[in-house]
Amino acid sequence: MTAEAQIADATGPIVDMGELSDYADARRLTAVEPGTHALTLTWSDGEQASFHYVWLRDHCACTECRHPQTHERMFRLVDLPAEIPAPSARITDMGALALDWPAMTGIDAHRSLFDPGWLRQRADDDGGPMTTAIEPVPWDAGFAEELPIIDHHAFMHTDAGLHDWLTGMMRSGLVLLRNGPTEEGEVLRAAERIGWPRETNFGRHFDVVSKPNPNNAAYTAAALEPHVDLPNWERSPDYQFLYCLANEAEGGASVFTDGVAVAEALRAEDPEGFRVLSETPIDFRFQDETADLAMRTPVIELDDAGRPTRIRFNNWIRDTLRVPGHQVEPFYRAYRRYWELLRDPRYTVRFTLRPGEMIAFDNLRVLHGRDAFDPNTGHRQLQGCYLDRDLLRSRLRVLARGSAPGAG
Ligand code: OGA
Ligand code: ZN
Ligand code: ZN
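Residues numbered from 1 in each chain as written. Chains lettered and ligands numbered in written order. Predicted model: local features only at pLDDT ≥ 70, side-chain atom pairs only at ≥ 80, totals over all residues. Heavy atoms only, no water.

### Comments concerning the coordination of the zinc ion (ligand 3)
Operational definition: Distances up to 2.8 Å from the metal define which N, O and S atoms are donors, and 3.2 Å serves for Na, K and Ca; water is absent from the atom set, so sites may look incomplete. Think of it this way: any DSSP run of H or I at least four residues long counts as a helix, any run of E at least two long counts as a strand, and we number them from the N terminus.
Protein ligation of the zinc ion (ligand 3) involves H227 (NE2), D229 (OD) and H368 (NE2), the donor distances falling in the range 2.0 to 2.1 Å. Mapped onto the polypeptide sequence, the residues donating to the zinc ion (ligand 3) form the spacing pattern H-x1-D-x138-H. Here the residue D229 occupies a position in the loop between β10 (224-227) and β11 (239-247), and H368 occupies one in strand β20 (residues 366-370), the gap between them amounting to 139 residues.

### Concerning the coordination of the zinc ion (ligand 2)
To keep things clear, this is the line we draw: A four-donor site is classed as tetrahedral when every donor-metal-donor angle falls between 85 and 135 degrees; four donors are called square planar, and six octahedral, when trans pairs exceed 155 degrees and all remaining angles lie between 65 and 115, with any other arrangement labelled irregular. Between buried and exposed lies partly exposed: a residue is buried under 20% and exposed over 50% of the maximum accessible area for its type, with that area taken using a 1.4 Å probe on protein chains only.
All of the protein donors around the zinc ion (ligand 2) are C60 (SG), C62 (SG), C65 (SG) and H110 (NE2); their distances to the metal are 2.1 to 2.3 Å. Bound by four donor atoms, the zinc ion (ligand 2) shows angles of 103 to 115 degrees at the metal and therefore tetrahedral coordination geometry. All donors of the zinc ion (ligand 2) belong to a single chain; written as a sequence motif, their spacing is C-x1-C-x2-C-x44-H. One exposure class covers both C60 and C62, and it is buried.

### Here's the deal with the sheet that holds β20
To keep things clear, this is the line we draw: One requirement defines pairing of two strands: DSSP has to find at least two bridges between them. In this analysis an axis means a line fitted to C-alpha atoms, helices contributing only their contacting stretch, and an angle means the value between N-to-C directions, from 0 to 180 degrees.
Taken in spatial order, the four strands make up an open sheet running β10-β20-β13-β18, and their pairing is antiparallel. Two strands close off the open sheet at either side, each with one partner strand: β10 and β18 (348-351). Averaged over neighbouring strand pairs, the angle between their axes works out to 15 degrees when direction is ignored. Sheet analysis places β10 next to β20, joined by two bridges and oriented antiparallel. If you follow L224 over to β20, its bridge partner there is R370.

### Things to note about the sheet that holds strand β4 (residues 88-91)
Strand pairing in a sheet takes place through backbone hydrogen bonds and is either antiparallel or parallel in direction. A sheet is described by the order of its strands in space; here three strands give the open sequence β4-β5-β6, paired in antiparallel fashion. Two strands bound the open sheet, and with one partner strand each, they are β4 and β6 (110-114). Neighbour to neighbour, the strand axes of the sheet diverge by 15 degrees on average, direction disregarded. Pairing between strand β5 (residues 97-101) and β6: five bridges, direction antiparallel.

### Here we look at the packing of aromatic side chains
The test is simple: We call Phe, Tyr and Trp rings a pair once their centres come within 6.5 Å, taking the six-membered ring for Trp, and we label the pair stacked below 30 degrees between planes, edge-to-face above 60, and tilted otherwise. Placement of a positive charge over a ring is assigned whenever Lys NZ or Arg CZ falls within 6 Å of the ring centre and within 35 degrees of the normal to the ring plane.
Applying the stated criterion to the full structure yields 17 aromatic pairs. When the centroid spacing of 4.7 Å and the interplanar angle of 20 degrees are considered together, the rings of W139 and F143 count as stacked. In this structure, W139 and F143 share a single accessibility class: buried. Ring geometry for Y335 and W339: centres 5.7 Å apart, planes at 70 degrees, overall edge-to-face. Here Y335 pairs with W339, and both are found in helix α8 (residues 325-343), just four residues apart, close to one helical turn. Taken together through their ring pairs, the aromatic side chains of F313, F331, Y332, Y335, Y338 and W339 make up a single cluster. Here the guanidinium or amino end of R120 rests over the ring plane of W43, the centre of that ring lying 5.2 Å away. Directly above the aromatic system of Y219 lies the positively charged group of K211, at a separation of 3.7 Å from the ring centroid.

### Quick notes on the site of ligand 1
What counts is decided by this rule: We call a residue near a given molecule or strand whenever any one of its heavy atoms falls within 4 Å of it. Polar contacts, as counted here, are pairs of nitrogen or oxygen atoms within 3.5 Å of one another; within protein the pair requires one atom able to donate a hydrogen and one able to accept it, and residues that are adjacent in sequence qualify only if both atoms are side-chain atoms. Working definition of accessibility: Shrake-Rupley area with a 1.4 Å probe, residue cover restricted to the visible protein chains. As a working rule, the residues Ala, Val, Leu, Ile, Met, Phe, Trp, Tyr, Cys and Pro are called nonpolar, Asp, Glu, Lys and Arg charged, and the rest polar, with Gly in that last group.
Around ligand 1 lies a shell formed by F206, V208, A218, L224, H227, D229, Q240, L242, H368, R370, R380 and L382. At 3.0 Å from an oxygen atom of ligand 1 is found a side-chain nitrogen or oxygen belonging to H227. Taking R370, its side chain carries an N or O atom lying 2.8 Å from an oxygen atom of ligand 1. For ligand 1, the protein covers 97% of the area, taking 290 Å² as the surface of the free molecule. Listing elements by their share of the shell around ligand 1, those giving two or more residues are β9 (206-208), β10, β11, β20 and β22 (380-387). Split by residue class, the shell around ligand 1 holds six nonpolar, three polar and three charged.

### Thoughts on the nonpolar core
Spelled out, the test is: We call a set of buried Ala, Val, Leu, Ile, Met, Phe, Trp, Tyr and Cys residues a nonpolar core when their side-chain atoms join them within 4.5 Å. In what follows, a contact means two residues having at least one pair of non-hydrogen atoms within 4.5 Å.
Counting residues in hydrophobic clusters, the biggest one holds 30 residues, and the most contacted among them are L39, L41, F51, L56, L97 and L119. Top element by residues in this core is β5. It accounts for four residues. Leaving out residues up to four positions away in the same chain, L119 has contacts with L29, L41, W43, F51, W55, L56, L97 and F114. Ranked by size, the runner-up nonpolar core spans 27 residues in total, among them F241, L387, L391 and L396.

Printed below as a string of structure tokens:
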């Protein structure tokens, strides 16, 4: 049974809402004004907000309505009549909301308690994200001076290091780790610091070395033009990690470009080219002995507001161009111009990875490439893996639990 906690700490929550993220708030409820379908609450700072009765009944956090261990909803709206009678409502001595729902045919009376801070977090909710969103900041060549560089030990063993890495990644989509060990498998340990690596046809992790029978351009010594990995998947990996174990060969420098910023640059100088790349679906495909992974989609994907949000540019796994005849030349013109801009030193950041360094990037936004290298001049070995965006967001939310004022 939910009970109002008689807690000494005035900054803690008053009612257990079965929520692991923090919702404690010093502002208490002072008044409730019942209406026909909804009630209006007033907090101690004078703020007011309305909540529908049906919404309140659905969000009861008592141990019958919300499972005390899983924190998941047990309450089933469908078991109640479509018209739920209004409850009697009052503000408790502690400043929480208490609702007494009348008994109905076959249904017992029920009491719900709501924490004032929890309700306040949900007051006038505009449906936006539940955690503070970190907005991506576009960058160009000048970003070389601002690249987030985090010590491997801080990332692996401190909340602050992990937090800097996660926020840097969300903001700029490119973060360098430094001073790590040069041990095989370290790339997976780094990914596991956040979540569960995403397996693909290249395995749970992959070795980027020049191989005798390569099934991908990355496994040669050739230069790699700016690209994203696996645009031939409906769900391309969100993030990519490349951990450097050895880089002794001549050449092999890394190049990165913010593909979303460059898409905006293309739109500014060539709106028609931008339109073509964002509206023309083309094919991407990977084929080897055991796999044939294919996806048809535009190079530049736009969000509902028409902003570029994800890039699919990878020249070697682009498949046969299948577009109506009149679109062939406009497509190649736009593709060529975007490619030129992606390579343009005004937009690129270039450096050579050293052993014990790991570069990680947002694979939907930031393109990566490398210079050719000469395997006869020394060993070059990177290990790579992928991670889903959900796991980054999750890690950040879990970190926030501990650091929010009054959490507990
Ligand atoms: C890759 C890749 C870059 C490099 O493995 O996806 O692009 O520097 N590698 O070898
Ligand atoms: Zn309940
Ligand atoms: Zn790649």
